[in-house]
Amino acid sequence: MTSISGILEKEKTEIKVYEPKPYSNPYLAGVGLGLVLLAAFLIMGRGLGASGAPSSVIAVVVNKVAPDHAANNNFYKEYIGDGTANPLKDWLVFEVIGVAIGGFISGSLAHRIKGKVEKGPNVSVKMRLTYAFIGGSLMGFGAKLARGCTSGQALTGGAMLNLGSWAFMFAVFGGGYLAAYFFRRQWL
Amino acid sequence: MMPYYKFNYFGLDTSLVIAVIIGIGFGFALERGGFGNARILAAQFYFYNMRVLKVMFTAIVTAMLGLFYFTWIGWLDLSLVYTIDTYIIPQIVGGLILGIGFVIGGYCPGTSIVSAATGRYDGMMYFAGMFFGIFVFGEMFPWLENFYNSTPMGRVTLPDFLGLSYGLVVFLVVAMALGAFAAAEWGEKVRFKITGRIKE
Amino acid sequence: MKNYLLNLSTPKKLAALAGFLAIFALVIGNSGSKNKISVNAKELALSAIKDQDKISAMTLADWIIKDKLDFTLVDLRSEKEFTEYTIPGSVNVRMEDLLNSDLKRNQKLLLFGNDDISSAQAWFILKSSGYDGVYILNGGLNSWKNEILYPKRNVNLTLEDSIKFEKIKQVSIHFGGNPQVRISESTSDAAITTSHKIAPPLPKITIPAGTNKKKKEGC
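Here's a quick rundown of the structure. (Residues numbered from 1 in each chain as written. Chains lettered and ligands numbered in written order. Predicted model: local features only at pLDDT ≥ 70, side-chain atom pairs only at ≥ 80, totals over all residues. Heavy atoms only, no water.)

**Details of the overall build of chain A**
Okay, step 1: Per the secondary structure count, chain A includes nine helices and zero strands.
Okay, step 2: Along its sequence from the N terminus, chain A presents helices and strands in the succession α-α-α-α-α-α-α-α-α.
Okay, step 3: Overall size of chain A, expressed as C-alpha extent along the three principal axes, is 55 × 40 × 40 Å.
Okay, step 4: Every one of the 188 residues in chain A was classed for burial, and the buried ones make up 59%.
Okay, step 5: Sequence separation of at least 24 residues holds for 62% of the intrachain contacts in chain A that already meet a minimum separation of 6.
Okay, step 6: In the structure as shown, chain A presents an accessible area of about 7,800 Å², 66% of it carried by carbon and sulfur atoms.
Okay, step 7: In chain A, 18 side chains carry a positive charge and 10 a negative one; their mean positions are 8 Å apart. (Helix = DSSP H or I, 4+ residues; strand = E, 2+ residues; numbered from the N terminus. Buried < 20%, exposed > 50% of the residue type's maximum accessible area, 1.4 Å probe, protein only. Contact = heavy atoms within 4.5 Å. Areas by Shrake-Rupley, 256 points an atom, 1.4 Å probe, with all protein chains shown as cover. Lys, Arg positive; Asp, Glu negative; His and termini not counted. Charge placed at Lys NZ, Arg CZ, Asp CG, Glu CD.)

Next comes the structure, spelled out in structure tokens:
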């Protein structure tokens, strides 16, 4: 496995002796994820999300750089709000910070923290990173068009039996399977 | 009565603390499920590893059953749980774009955060790409706005849409999920026999 | 059988549990326990005695004028009566539709009918189905009419009283009412009947709907 290691490698010398543990049983992880989602429903009356947080950040930055431009755009306006509250003091922004912390804790406990690039054997690191950026851009665009990403739509809306979210979910898998053939070199 | 926040059991500041705690649980569960690894996520689309399907549908089924029974007992007012309104065509088109992005990038927004937090450079790159994509969407929004707001259907759930009882739809979803799990387990076994390739 | 279940792998146990819950859900059908009510009789009785849930017409008028109203006004009368006249900003919900209406359990609701009876009944139904803030307009629409729209004063009254009346008059005019001087019992009845005739075309007052504007909660 090629990996552009080095940066994180140094401080890892101690725990490097440990092999990364295998991922947990998918069904147990699923139940755990479902219970977290349920907790969000019961306590907050809302589901989980991810892409809303970057949207808030972008809206704030655009608003700082070009306030007039942002004011003429309903998309940014929605995230900036009416100015009474700080747009970054937002539930999703804090939730996403938690996601990073939670991922790090879980990864540390299982010795899975490692600076590397996940990719198939037949693709260069540079190519993989380029693809990651392109994929991320498409995902960001698509998520905004669909009013939510896999967390906000598929997971949350799926559990709520929301019509649009189920249509969305099938579209995601449809799009994925359609495109899979063309990008097989990257993964297989 | 639940949801607590909607009945003002606590204020905004407390809700943000809860956001971080729930986020930690979310990130933890995603990482445990193997969602911090692009190869596992992408394997779903090549039928090598059906983890994505298993974790996601188990989570949906768990939360869905929870919602159903909490409502039935009378502890939860489901109408106060926020759901995104349906705009069917933009959601399908967005979903297709998102699915293509999934295969190219190997992550979805939530999993890329976990991946980046566990040191994966491709996850960080993906996360950066997502900012760029959202920015492009924001800049194009004046042109997209009409399409974005087309085919509005309001808050509509599968039971409403199909004219079936809530319990029946819950039953059907669970039946579908269990069927999909059985198929996935079987498929993975067959695949392993043919290729000898071990799933992660 | 028991051993068989215990020997199953964890995923299979989970699957069995999900399957059981799904079948039970199928039997239940609709989970919304909308027609089922559980009552904590003592708690309800106590809050009924305390009178905290009643709001006078004058207080309501004051809130509306100062734009401080954070209640949803619920008119329980028939649609016909509702279209004829209602307190500005009210929604019309009939008693039988109460639990299937758009009213949210976390909204503050102020109920009124013509008198106190229908609103008291509705108060009980809503309270016992988990609605949090349910209030009654004291005296219903009748006292709204008498106190706000067509307040009357006796011919001879103290200075203090007349100052008070001047205030009420302002309020009344705000709502398009018709304050008048009461001369005798018989004409006061007449005044009420005429007041029906001149049931004023009401100034449209827009009241911020229920809670403040929500930011998008989605992802």
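**Points about the packing of helix α4 (residues 88-105) of chain B against helix α6 (residues 121-148) of chain B**
Residue and element names in this part refer to chain B.
Okay, step 1: Packing of α4 against α6 leaves a shortest axis separation of 14 Å and a crossing angle of 160 degrees. Judged on the interaxial angle alone, α6 and α4 are roughly antiparallel. In the crossing of α4 with α6, the sense of the turn from one axis to the other is right-handed. Taken together, the residues of α6 that come into contact with α4 (itself represented by I89, P90, V93, G101 and G105) are Y126, F147 and Y148. (Axes fitted to C-alpha atoms, helices over the stretch in contact; angles between N-to-C directions. Parallel < 35°, antiparallel > 145°, perpendicular 65-115°, else oblique. Left-handed = near helix turned anticlockwise from the far one by under 90°.)

**Considerations on the packing of aromatic side chains**
Okay, step 1: All told, the structure shown has 32 aromatic pairs over all chains when counted by the stated rule.
Okay, step 2: An angle of 5 degrees between the planes, with centres 6.2 Å apart, marks the rings of Y69(B) and F24(C) as stacked. Within this pair, whereas Y69(B) is found in helix α3 (residues 51-73), its partner F24(C) is found in helix α2 (residues 10-28), the two belonging to separate chains.
Okay, step 3: In this structure Y69(B) comes out as buried when scored by relative accessible area, which is 12%.
Okay, step 4: Through pairs of rings, three or more aromatic residues link up here, namely F75(A), Y76(A), Y79(A), F141(A), F137(B), F141(B) and Y148(B). (Phe/Tyr/Trp six-rings, centres within 6.5 Å; stacked < 30°, edge-to-face > 60°.)

**Some words on the interface of chain B and chain A**
Okay, step 1: Listed as interface residues are 127 residues of chain B and, on the opposing side, 119 residues of chain A.
Okay, step 2: For the pairing of chain B and chain A, the buried interface totals around 11,000 Å² over both sides, and the portion due to carbon and sulfur atoms is 75%.
Okay, step 3: Among the residues chain B hides against chain A, the three largest losses belong to F26(B), I104(B) and Y121(B). Together they make up 7% of the total.
Okay, step 4: Between D122(B) and R128(A) there is a salt bridge, with its nearest N and O atoms 2.9 Å apart.
Okay, step 5: Applying the counting rule to chain B against chain A returns 42 residue pairs in polar contact (both at pLDDT 80 or more). (Buried area = accessible area lost by both parts, 1.4 Å probe. Salt bridge = Lys/Arg side-chain N within 4 Å of Asp/Glu carboxyl O. Polar contact = N/O pair within 3.5 Å; in protein donor to acceptor, adjacent residues only side chain to side chain.)

**A look at a nonpolar patch on the surface**
All names here are of chain B.
Okay, step 1: Judged by side-chain polarity, M153, F161, L162, L164 and L172 come together as a nonpolar surface patch covering roughly 440 Å² of accessible area.
Okay, step 2: Position of F161 among the secondary structure elements: in helix α7 (residues 158-162).
Okay, step 3: Residue classification places F161 among the partly exposed residues on the basis of a relative accessible area of 48%. (Patch = residues over 30% accessible without salt bridge, like charges linked within 9 Å, V, L, I, M, F, W, Y side chains within 5 Å.)

**Concerning the interface of chain B and chain C**
Okay, step 1: Taken together, the contacts link 24 residues of chain B with 24 residues of chain C.
Okay, step 2: Here chain B meets chain C over a buried area of about 2,100 Å², counting both sides, of which 65% is carbon and sulfur.
Okay, step 3: When the area that chain B buries against chain C is broken down by residue, the three leading residues are Y69(B), W72(B) and Y82(B), summing to 26%.
Okay, step 4: Taking the shortest distance from any N to any O, the salt bridge between R105(C) and D77(B) comes out at 3.0 Å.
Okay, step 5: Across the chain B-chain C interface, the total number found is six residue pairs in polar contact (both at pLDDT 80 or more).
Okay, step 6: Those elements giving two or more residues to the side of chain B that touches chain C turn out to be α3 and α8 (166-195) of chain B.
Okay, step 7: For the side of chain B that touches chain C, the element with the most residues is α8(B), which contributes seven residues.

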